[in-house]
Structure formats: C-alpha cells, structure tokens
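Fold and contact review
What follows is the residue order along each chain.
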Amino acid sequence: MPDGAERAPDAVRDAARGMRVDLQLIAGLVTPGARVLDIGCGDGALIGHLFRTQGCDARGIELDMALVTRAVAHGLPVMQGDADTDLVHYPDQAFDYVVLSRTLQAVEHPLAVLRQMLRISTRAIVSFPNFGHWYLRAQLLLKGRMPMTKSWNRMWYETPNIHPCTIQDFFDLCVAEGYVVEQWLALDDEGHRAPWRRFPYLANLFGEQGLFVLRRG
Amino acid sequence: MDQLEPLAEIAHQTVVFPDGLALDCGRSLRSLAVAYRTYGTLDAVGGNAILICHALTGDQYVAETHPLTGRGGWWSSLVGPGLPVDTDRFFVICANVLGGCMGSTGPGTPHDERPGEPWGHEFPPITIRDMVRAQKKLVDHLGIRQLFAVIGGSMGGMQVLEWAATYPEAVFAAIPIATAAHHSAQNIAFNEVGRQAIFADPDWHGGEYWRERATPARGLAVARMVAHITYLSEQALTRKFGRRLRDATSLTLLDDRFEVESYLQYQGSTFVRRFDANSYLSITRAMDFFDLAAEHGGELSRAFEGARTRFCLVSFSSDWLFPTPASRAVVNALIRVAANVSFVEIASDKGHDAFLLDEPDFHRTIAGFIAGCAEHRGLKPRERA
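Residues numbered from 1 in each chain as written. Chains lettered and ligands numbered in written order. Predicted model: local features only at pLDDT ≥ 70, side-chain atom pairs only at ≥ 80, totals over all residues. Heavy atoms only, no water.

**Here's the deal with the overall build of chain B**
Along chain B, the regular secondary structure elements total nine helices and 12 strands. The C-alpha extent of chain B, read off along each of the three principal axes, is 65 × 55 × 50 Å. Every one of the 385 residues in chain B was classed for burial, and the buried ones make up 58%. Long-range pairs, those at least 24 residues apart, make up 71% of the contacts in chain B with a sequence separation of at least 6. Entry remark: accessible area of chain B is about 15600 Å², with carbon and sulfur atoms responsible for 52%. With 36 positive and 44 negative side-chain charges, chain B shows a spacing of 4 Å between the two charge centroids. (Helix = DSSP H or I, 4+ residues; strand = E, 2+ residues; numbered from the N terminus. Buried < 20%, exposed > 50% of the residue type's maximum accessible area, 1.4 Å probe, protein only. Contact = heavy atoms within 4.5 Å. Areas by Shrake-Rupley, 256 points an atom, 1.4 Å probe, with all protein chains shown as cover. Lys, Arg positive; Asp, Glu negative; His and termini not counted. Charge placed at Lys NZ, Arg CZ, Asp CG, Glu CD.)

**Regarding the overall build of chain A**
Helix and strand counts for chain A stand at nine helices and eight strands. For chain A, whose C-alpha radius of gyration is 17 Å, the value lies close to the compact-globule estimate of 17 Å for 217 residues. Within the span of chain A, comprising 217 residues, buried residues form 51% of the whole. Within chain A, contacts between residues at least 6 apart in sequence are counted, and of these 65% link residues at least 24 apart. (Rg over C-alpha atoms; globule rule 2.2 N^0.38 Å.)

**Looking at the environment of A:Gly81**
Topologically, A:Gly81 is positioned in the loop between β3 (78–80) and α5 (83–86). Separated by 13 residues in the primary sequence, A:Gly81 and A:Val68 place their C-alpha atoms 9.3 Å from one another. Setting aside residues no more than four positions away along its own chain, A:Gly81 makes contact with A:Ile61, A:Glu62, A:Leu63, A:Asp86 and B:Arg328.

**Side note on the environment of A:Leu87**
Residues and elements named next belong to chain A. Take Leu-87: it is sitting in the loop between α5 and β4 (95–101). Linking Leu-87 and Asp-22, residues 65 residues apart in sequence, is a C-alpha distance of 23 Å. Not counting the four nearest positions on each side in its chain, Leu-87 is found in contact with Leu-37, Ile-39, Ile-61, Asp-82, Val-113, Gln-116, Met-117, Arg-119 and Ile-120.

**Describing the interface of chain A and chain B**
Between chain A and chain B, the residue contacts involve 29 residues of the former and 32 residues of the latter. A combined buried area of about 2600 Å² lies between chain A and chain B, and 56% of that area is made up of carbon and sulfur atoms. Scanning the region where chain A abuts chain B turns up one salt bridge. A salt bridge links A:Arg52 to B:Glu375, with the shortest nitrogen-to-oxygen separation between them at 2.7 Å. Applying the counting criterion to the chain A and chain B interface returns 10 residue pairs in polar contact (both at pLDDT 80 or more). When contributions to the side of chain A that touches chain B are tallied by element, the ones reaching two or more residues are α1 (4–17), α3 (45–54), β2 (57–62), α4 (65–73) and β3 of chain A. No other element matches α4(A), which puts five residues into the side of chain A that touches chain B. Taken together, the residues of the side of chain A that touches chain B sort by class into 16 nonpolar, six polar and seven charged. (Buried area = accessible area lost by both parts, 1.4 Å probe. Salt bridge = Lys/Arg side-chain N within 4 Å of Asp/Glu carboxyl O. Polar contact = N/O pair within 3.5 Å; in protein donor to acceptor, adjacent residues only side chain to side chain. Nonpolar A, V, L, I, M, F, W, Y, C, P; charged D, E, K, R; others polar.)

**With respect to helix α8 (residues 324–336) of chain B**
Here α8(B) is 13 residues long and its end C-alpha atoms lie 18 Å apart, about the 18 Å a rise of 1.5 Å per residue gives. Where α8(B) is concerned, the buried positions are B:Thr324, B:Ser327, B:Val330, B:Val331, B:Asn332, B:Ala333, B:Leu334 and B:Ile335. Contacts from the buried residues of α8(B) go to β3 and α5 of chain A together with α2 (155–166), β11 (310–316) and β12 (340–346) of chain B. (Expected span 1.5 Å × (residues − 1).)

**Focus on the side chain of B:Asp112**
Residues and elements named next belong to chain B. Here Asp-112 lies in the loop between β8 (91–95) and α1 (128–141). Buried Asp-112, no salt bridge; nearest opposite-charge side chain is Arg-30, N-O distance 4.6 Å. What Asp-112 contacts, discounting residues up to four positions off in sequence, is Ser-28, Leu-29, Arg-30 and Trp-119.

**Notes on the packing of helix α3 (residues 185–200) of chain B against helix α7 (residues 277–289) of chain B**
All names here are of chain B. Where α3 meets α7, the axes come as close as 10 Å, and the angle between the chain directions of the two elements is 160 degrees. As far as their axial angle goes, α7 and α3 are roughly antiparallel. α3 and α7 meet at a crossing whose hand is left-handed. Of α7, the residues touching α3 (which contributes Ile-188, Asn-191, Glu-192, Arg-195, Ile-198 and Phe-199) are Ala-277, Tyr-280, Leu-281, Thr-284, Arg-285, Met-287 and Asp-288. Counted by class, the contact of α3 with α7 contains seven nonpolar, two polar and four charged residues. (Axes fitted to C-alpha atoms, helices over the stretch in contact; angles between N-to-C directions. Parallel < 35°, antiparallel > 145°, perpendicular 65-115°, else oblique. Left-handed = near helix turned anticlockwise from the far one by under 90°.)

**Regarding the pattern of salt bridges**
Any two side chains of opposite charge can pair if their charged atoms end up close together. In the structure shown here, the tally under the stated rule is 33 salt bridges over all chains. Taking the shortest distance from any N to any O, the salt bridge between A:Asp57 and A:Arg59 comes out at 3.1 Å. Since its relative accessible area comes to 12%, A:Arg59 is described here as buried. We note a salt bridge from B:Arg244 to B:Glu259, for which the minimum N-O separation is 3.4 Å. Remark: B:Glu259 occurs in helix α6 (residues 259–271) and B:Arg244 occurs in the loop between α5 (234–240) and α6; sequence separation between them is 15 residues. Exposure remark for B:Arg244: the relative accessible area of 40% places this residue in the partly exposed category. Connected through salt bridges with shared partners, the residues B:Asp24, B:Arg129, B:Asp130, B:Arg133 and B:Glu295 form a single ionic network.

Read these as geometric descriptors, not functional statements.
Listed below in structure tokens is the structure:
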C-alpha cells in the first residue's frame with residue numbers, strides 16, 4: 001500500500017464532510033480545543049472532525065474491531081473497548097466532554113455508564129433514539145407488535161438495543177440521578193433539529209432522537 | 001543434525017562510546033559499541049526519525065539484504081520506500097541490541113578485564129532498560145532530540161514501552177506490537193527449556209566453548225526449535241504441514257519423518273550459523289527479567305505518568321506467546337493516566353509470527369497511525385514524484 005500514509009487523512013476529511021447530521025450537531029456543542037472522548041465512535045468521523053476543524057484532543061472507544069481498525073488506519077486515536085467495562089480505568093475529570101451517541105440504549109448498564117461518563121468528564125453529551133415517538137406508539141397500539149422503524153430496525157430477539165427509553169424517561173433519569181440538563185434537543189430521523197425545544201411532551205411525541213448535554217448537579 | 005560451519009565474520013557499521021555504559025545490575029561496561037543501520041534522510045530539524053527495535057533473534061538489518069545470510073531484511077514488508085514505515089519520508093534507525101552478536105557490545109566482544117578474550121558467559125546480566133539506554137546514546141550521537149516514533153514487536157515492543165517510560169520526552173509516538181509489560185511464567189518457562197538445551201550440549205564447555213573452538217550448535221538449535229513453535233499458532237502449523245511426511249506418502253513406522261520435524265530442524269540449523277549461544281542466554285535472561293510495573297513500584301500506570309507520547313498497541317488474535325490480554329493490560333495502564341492510546345487486535349491465524357508477515361490490516365494500521373501522528377506533529381507529507 002505505497003501511498004497509504006498520505007491517503008488516509010484525505011479519507012477522513014471526506015468522511016467528515018459527509019458526517020451524520022446528528023454528529024454535526026454534537027460537534028457544534030463542543031468548545032474548540034476541548035478534551036473529548038467519543039464512546040462508540042464507529043469509524044471515528046466525529047473525532048476526526050473535532051480535531052481537524054476545532055483543534056480538539058479527541059479520542060474514541062469502539063467495540064467493533066473492524067471499525068476500530070478502520071479508524072486507526074485513518075490516523076485517528078481509537079481503541080477497542082467496551083463502554084460497560086473500560087470507562088472505569090480512566091481517571092476522574094480526564095475530559096471536558098464525553099460523547100455517547102446512539103449507544104446508550106445498547107449498553108448493558110446505562111446508569112453505571114452515565115455515572116462513569118460524568119466521573120471522567122465535566123460534561124456528557126448523550127443521544128438516543130426516542131422510543132416515545134408517535135409512530136412507534138401507533139405501531140404498538142394498532143398492530144400489537146414490537147415497532148419497526150429506521151432506528152428500530154431489528155427484530156426484538158436480535159436487537160442490540162436492549163434498553164430503549166423515551167425522552168420523558170430520560171428527563172426522569174436525570175432528576176433521579178441528580179444530573180443538570182444544560183441543553184437538550186429533539187432531532188428528526190435525519191438528525192436535524194426538530195422544533196420542539198420548549199415542549200418536552202411534544203418532543204417526546206415527534207422527536208426521533210433525543211440529544212442531551214449533562215453535568216453533575 | 002549436520003554441523004554447519006558458522007558464517008564469516010563481517011564488519012558492521014558501528015559507533016563506539018568510550019565512556020561505556022552503567023548497567024542496571026550495578027556494573028559498568030568500560031566501552032560501548034552500538035552497531036546500527038539507517039535508511040532515508042534526517043530532515044533539517046531532526047524531526048522525522050523512527051527507531052525500530054528488533055526482537056530476540058533479530059538484528060539491525062531490518063530493511064536490506066542480510067550481509068551474513070543473504071536473506072531479505074526481517075521487516076522489509078513494513079519498512080522501505082513507500083511502505084508503511086516509509087524510508088522516503090522518515091529517517092529509520094535500527095540498532096543491534098546490547099548483548100547481541102551483530103556488532104554491538106555483547107558476550108562475543110572483548111572482555112573488559114581480559115582484552116584478548118571474549119566476555120562469554122561472564123558478560124554482565126543486562127536488562128531491557130540497559131538495551132534502551134544504549135540505543136539512547138546512539139540517538140543522541142545522531143543528533144536527534146526527539147524520535148518521531150519508536151516501533152518494535154515482541155522483545156522490540158518491550159523496548160518501545162521502556163523507551164516511553166524512561167525517555168518520555170524523547171518519544172513522540174510509540175508503537176509496541178505483540179508484546180507485554182512483563183514476561184509471563186509461560187514465557188520464562190519456554191526460555192528456560194531453550195537455555196537448558198544449550199547447557200546440556202557437550203560443546204557448551206561451561207560457557208567457554210570459544211576456548212575449544214566449538215559452538216553448542218545442537219543445544220542452540222533445540223532452543224530455536226522450541227522458540228519457533230511458540231511463534232506459530234496451532235492452525236498455522238497445521239496449515240503449513242498437517243501430518244504430511246517427508247519423502248513418503250504413508251507411514252511405515254521405519255525412518256519416517258514428518259514435514260514439521262524437518263522444518264524445525266532446518267530452522268534450528270540455519271539459526272546457529274548466525275547466532276551466538278551466550279548472546280542467546282544473555283538476551284533471553286533480559287526478557288525474563290523485564291517487568292515494567294516492578295520498575296515503578298508495582299503499578300504499571302506509573303511508568304507512563306504525565307506521558308504526552310501517542311501510543312498505538314497492536315496484538316494478534318492467535319498469538320498465544322504475547323496474547324491480546326497482555327496488550328490490553330498495557331492499554332488499561334495507559335488510560336489510567338489518560339494517555340493518548342490507539343489499540344487494535346488484528347484478526348490473524350498466524351500466531352506471534354504475524355507481526356513479521358504480510359498482514360494487510362496490520363500494515364494499514366501502522367501506516368494510518370503514523371500518518372495521523374505526522375499530522376499532529378506537523379510533519380510535511382512526503383513530496384510526490
């Protein structure tokens with residue numbers, strides 16, 4: 001692979017240009033130059049973007065070894081690891097932001113993962129698919145079957161999403177755990193910001209995803 | 001086994017440090033020779049240097065035809081023009097380790113007290129850190145204040161970890177491959193079998209075989225054979241040899257030999273032509289002594305406290321000599337001090353040997369990590385022709 005050393009960063013730039021809309025929103029929440037850990041970072045598109053456009057010290061953890069290899073081969077500091085077991089190794093307050101995008105519903109111990117996130121970082125940015133969306137409710141009500149949508153697209157017996165929750169549920173969790181919600185947004189299925197900012201009830205009905213910025217109370 | 005004549009003595013490119021080297025054991029070498037090779041050109045600010053650390057039986061001839069064996073460089077799939085460690089872009093250095101037998105000070109070089117004789121088995125016990133200190137002298141001699149990267153597999157990976165722990169400011173990026181922060185009991189056990197094979201050879205002569213113009217070639221060959229088994233996975237051995245017989249199609253129970261036997265004997269017999277038994281003992285001991293955590297009060301993460309080095313650890317899924325959990329233990333120690341660490345386990349069925357072989361995912365990982373570090377370091381991309 002003679003030209004690999006030069007080709008890799010270009011590939012990352014290309015990836016960043018076509019980055020998921022919700023990741024672009026997340027990037028907009030991060031202050032330039034911040035220390036960031038992206039948990040479940042996939043191919044590292046967000047951390048590549050944060051380094052190159054905002055000068056962040058951005059790193060990633062990813063469970064899937066094929067994605068890890070791809071990210072490292074693109075010059076990104078990513079390690080193979082598991083949110084459920086590996087966050088405990090980080091020291092307190094090692095980061096300014098820890099990002100968990102569309103992964104919370106798939107971890108084994110969501111409460112423990114959130115606690116670890118807010119131990120090792122000042123702020124946690126969490127996004128998750130909203131199980132309270134009207135279309136899911138309608139499917140369950142009318143068909144009596146587990147809903148299937150773009151975000152919830154695997155049968156109940158094979159889905160990795162073992163802890164679905166709604167935007168309202170997440171607000172409740174933040175109260176119970178004493179987290180301060182600094183910002184929150186509801187997103188549509190493309191990841192664009194949905195106009196339900198002031199009305200959690202409507203956001204819970206019409207938002208495809210919830211995006212929260214938390215800190216400890 | 002047929003006794004083969006050792007290959008001819010040749011002159012290696014060497015730098016001699018007349019101030020010697022203070023060793024971990026408390027003794028000092030009066031003079032230190034470091035044999036090395038370089039590839040590529042050092043840039044004006046000395047910022048593009050990559051040090052390669054070789055493994056137990058490797059040497060400085062990393063990317064060129066070996067002057068003794070006539071074989072290609074041991075890492076010529078990874079290091080060279082346009083390769084992941086690109087010698088068109090980087091100034092690559094590889095030194096023969098302290099205790100080695102390719103020109104650096106070791107058991108085969110003249111004794112401090114009795115200049116007419118080699119050290120032989122009286123060579124002071126050395127450590128991985130001693131090897132690294134010797135390399136540091138070479139790097140200083142070459143006028144390099146900070147290495148862009150230090151890369152090595154197996155024992156070479158131990159040296160990479162030791163470099164990052166001992167000279168953190170001198171290492172911008174560290175790539176320890178298929179290695180561990182200490183030798184396991186199993187590792188030590190295999191080394192001991194090899195050493196006992198050497199001691200049991202009638203040509204050993206209590207370590208002073210050079211007096212008798214002999215070499216404990218059979219013992220050293222057995223040591224190599226045992227070690228070679230540990231470098232391969234069961235799957236790799238089965239794929240390569242299975243139960244095939246040499247020069248026969250069915251088992252007669254007479255003079256039959258399995259192909260795997262003759263392969264190992266060949267590995268043993270070629271090895272003794274290029275390696276000295278006392279060097280083998282000295283270096284395997286250094287590996288066994290290695291315990292980076294013990295050097296830092298029993299807590300591995302302390303070895304990397306405040307490290308600004310960027311790390312990339314690589315393990316191979318079928319490596320049972322330096323298995324993935326050994327690399328993961330280093331990763332966990334690094335993240336305990338919030339170090340910048342990439343970690344990949346490469347899927348391979350080739351065992352420990354995989355780091356020397358053509359593994360595309362491995363090579364992509366190294367190339368990408370180096371490219372990313374070069375971007376952070378502000379190194380200019382290679383100019384294209």
